[in-house]
Amino acid sequence: MKQITSVQNPFIKSLAQLQEKAKIRKQTGTFLMEGQREIELALKGGYEIETILICNELCQLSEFQKIRKSEFQVIEISKEVYQKLAYRDTTEGILAVAKTKSLALSELKLSKNPLILVGEAIEKPGNVGAILRTADAANVDAVIIANPKSDLYNPNIVRSSVGCLFTRQIATGTTEEVIAYLKANNINIYSATLQDSTEYHTQNYTTPTALVVGTEATGLSEKWRIESTKNIIIPMQGVIDSMNVSVAAAILLFEAKRQRGF
């Protein structure tokens with residue numbers, strides 16, 4: 001097994017760049033992830049792993065053997081190298097270099113009666129990760145990010161999604177492209193917005209459905225309000241008139257799941 005003990009190693013320096021810069025991830029078509037669960041979920045989700053980096057000081061051999069059946073290069077690294085590359089405070093001693101997937105709308109494979117979550121222009125990577133966890137919990141067909149503000153392979157998103165980045169179909173596009181895609185596939189659009197809206201629980205989500213949420217600060221763009229099948233609202237009983245996007249998404253998705261009999 002190859003060993004790397006120096007943080008000045010050119011390969012390690014390139015991985016540090018991969019971790020830090022979306023431009024490098026785009027150029028190479030690869031990204032860096034860490035953690036046993038994340039790697040297992042990525043493999044299950046059809047991601048191609050190129051290299052595993054393992055720190056024997058931090059990783060139990062029995063844990064590593066769970067994923068050792070797959071074919072990829074394995075490099076043993078020192079604790080110093082691992083700490084240079086690791087993004088999380090809690091360490092498991094395993095990193096992986098994986099190939100990114102296409103995020104094109106045309107790559108989505110939908111069921112006959114899909115349930116889709118759309119998030120528009122969500123700026124905080126932590127919120128993107130949270131809606132991916134919500135989407136996984138609701139077992140949606142796909143998550144679409146319209147007008148993305150963050151690279152989906154940003155380490156903050158990988159971390160905050162706790163691997164759910166790899167468990168759902170994901171696509172990105174402009175708002176106009178996403179709306180055109182949904183309409184072309186005869187998917188009803190329910191936009192969570194304050195204007196011209198009706199209470200969310202009064203609508204029927206048992207047919208092909210896209211639930212669309214925006215940011216707390218600005219909400220959805222005008223295009224969604226105009227193009228939606230119906231605008232919907234979650235009644236608020238407190239002082240504020242908005243909630244975290246992942247919470248709003250959970251309320252809407254699980255109402256749809258309830259109507260569909262889970």
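Residues numbered from 1 in each chain as written. Predicted model: local features only at pLDDT ≥ 70, side-chain atom pairs only at ≥ 80, totals over all residues. Heavy atoms only, no water.

**Points about the sheet that holds strand β5 (residues 94-99)**
Definition in use: For two strands to be treated as a pair, DSSP must find at least two bridges joining them. Going along the chain from the N terminus, every DSSP run of H or I of four or more residues is numbered as a helix, and every run of E of two or more is numbered as a strand. Helix axes use the C-alpha atoms of the stretch in contact, all axes being lines fitted to C-alpha atoms, and the angles between their N-to-C directions lie in the range 0 to 180 degrees. Note on contacts: a residue pair is in contact if any heavy atoms of the two residues lie within 4.5 Å.
The strand order across the open sheet built from five strands is β1-β4-β3-β5-β2, with neighbouring strands paired in mixed fashion. Sheet topology places β1 (2-4) and β2 (30-34) at the edges, where each strand pairs with a single neighbour. Direction aside, the axes of adjacent strands within the sheet are offset by 25° on average. Alignment of strand β3 (residues 49-54) against β5, held across five bridges, turns out to be antiparallel. Pairing of Ile49 across the sheet is with Ala98, part of β5. Its contacts with the sheet place helix α1 (residues 10-20) against β1, β2, β3, β4 (73-77) and β5, and it is angled at close to 90° to β2.

**Examining a nonpolar patch on the surface**
Defined as follows: Patch membership requires more than 30% relative accessible area and the absence of a salt bridge. Residues of like charge join within 9 Å; the nonpolar side chains Val, Leu, Ile, Met, Phe, Trp and Tyr join within 5 Å. Residue exposure ignores everything except the shown protein chains as possible cover, and the areas themselves are Shrake-Rupley values with a 1.4 Å probe. Here, a salt bridge means any Lys or Arg side-chain nitrogen found within 4 Å of an Asp or Glu carboxyl oxygen. Three exposure classes are used, based on accessible area relative to the maximum for each residue type with a 1.4 Å probe and protein chains only: buried under 20%, partly exposed in between, and exposed over 50%.
On the surface, Met236, Val239 and Ile240 cluster together to form a nonpolar patch covering roughly 340 Å² of accessible area. Relative to the assigned elements, Met236 resides in the loop between β12 (230-233) and α10 (245-259). Relative accessible area serves as the criterion here: at 33%, Met236 is assigned to the partly exposed category.

**Details of the pattern of salt bridges**
Counting across every chain of the model gives eight salt bridges. Here Asp196 makes a salt bridge to Arg225, at a shortest N to O gap of 2.3 Å. In this pair, Asp196 sits in the loop between β9 (188-192) and β10 (197-199) while Arg225 sits in helix α9 (residues 222-227), placing the two residues 29 residues apart along the sequence. On the basis of relative accessibility, which here comes to 58%, the residue Asp196 falls in the exposed class.

**Here we look at empty space enclosed by the protein**
Cut-off, in case you're wondering: Using only the protein atoms, space was sampled on a 1 Å grid; points where a 1.4 Å probe fits but cannot get out form cavities, open sets with protein on both sides within 12 Å along at least five of seven lines form pockets, and lining residues are those with an atom within 4 Å of a point. Grid points are joined across faces, edges and corners, and a volume is the space filled by probe spheres set on the points.
Inspection of every chain in the model, using the stated rule, returns one cavity of 30 Å³ or more. Of the voids in this model, the largest cavity is the one considered here, and its volume is about 80 Å³. Those elements giving two or more residues to the lining of the largest cavity turn out to be β2 and α7 (155-160).

**A closer look at the packing of aromatic side chains**
Definition in use: When two rings of Phe, Tyr or Trp (its six-membered ring) have centres within 6.5 Å they constitute a pair, described as stacked for plane angles under 30 degrees, edge-to-face for angles over 60, and tilted for the intermediate range. Comment: the charge-over-ring label is applied if NZ (Lys) or CZ (Arg) is within 6 Å of the ring centre and within 35 degrees of the ring normal.
Under the criterion given, the structure shown has six aromatic pairs. Ring centres of Phe31 and Tyr47 lie 6.0 Å apart, and the angle between their planes is 80°; this geometry places the pair in the edge-to-face category. On the criterion of sequence distance, the pair formed by Phe31 in strand β2 and Tyr47 in the loop between α3 (36-44) and β3 is long-range, its members being 16 residues apart. Like Phe31, the residue Tyr47 is buried in the burial classification. For Tyr47, a relative accessible area of 8% puts it in the buried group. By way of ring pairs, the aromatic residues Phe31, Tyr47, Tyr153 and Phe166 are connected into one cluster. Residue placement shows Lys101 over the ring face of Tyr47; its charged tip is 4.6 Å from the ring centre.

**Considerations on the packing of helix α6 (residues 125-137) against α10**
Let me state the cut-off plainly: For classification purposes, an angle smaller than 35 degrees is called roughly parallel, one larger than 145 roughly antiparallel, one from 65 to 115 roughly perpendicular, and anything else oblique. Crossing handedness is read from the near helix: turned anticlockwise from the far helix by less than a right angle, it gives a left-handed crossing, and turned clockwise, a right-handed one.
Where α6 meets α10, the closest approach of the two axes is 9 Å, and the angle between their N-to-C directions is 15°. Taken together, the axes of α6 and α10 are roughly parallel relative to one another. The crossing of α6 and α10 is right-handed. From α6, Asn127, Ala130, Ile131, Thr134, Ala135 and Ala137 reach across to α10, where they touch Val245, Ser246, Ala249, Ala250, Leu253 and Phe254.

**Re the environment of Leu132**
For Leu132, the position within the fold is in helix α6. Judged by its relative accessible area of 1%, Leu132 falls in the buried class. As for Leu132 and Arg88, which are separated by 44 residues in sequence, their C-alpha atoms are 19 Å apart. Among all residues touching Leu132, those that are not within four sequence positions of it are Val143, Ile157, Ser161, Cys164, Leu165 and Ile170.

**A look at α10**
Quick reminder of the rule: In a helix, the anticipated span is given by 1.5 Å times the number of residues less one.
The end-to-end C-alpha distance of α10 is 21 Å, a good match for the 21 Å that 15 residues give at a rise of 1.5 Å each. Buried residues of α10: Val245, Ser246, Ala248, Ala249, Leu252, Leu253, Glu255, Ala256 and Lys257, and no others. Where α10 is buried, its residues touch β6 (115-120), α6, β9, β11 (209-213) and β12. Positive phi appears at Gly261, one or two residues downstream of α10, with a value of about 75°.

**A few points about the side chain of Ser78**
Selection rule: Under this definition, polar contacts are N or O atom pairs within 3.5 Å; protein pairs additionally need one hydrogen-donor-capable and one acceptor-capable atom, and for neighbouring residues in sequence, both atoms have to be side-chain atoms.
As for its placement among the helices and strands, Ser78 is situated in the loop between β4 and α5 (79-85). On the basis of relative accessibility, which here comes to 15%, the residue Ser78 falls in the buried class. In terms of polar contacts, Ser78 uses its side chain to reach the backbone carbonyl oxygen of Thr5, at 3.1 Å. When near neighbours in sequence (up to four residues on either side) are disregarded, Ser78 contacts Ile4, Thr5 and Cys55.

Taken by themselves, the reported measurements are silent on function.
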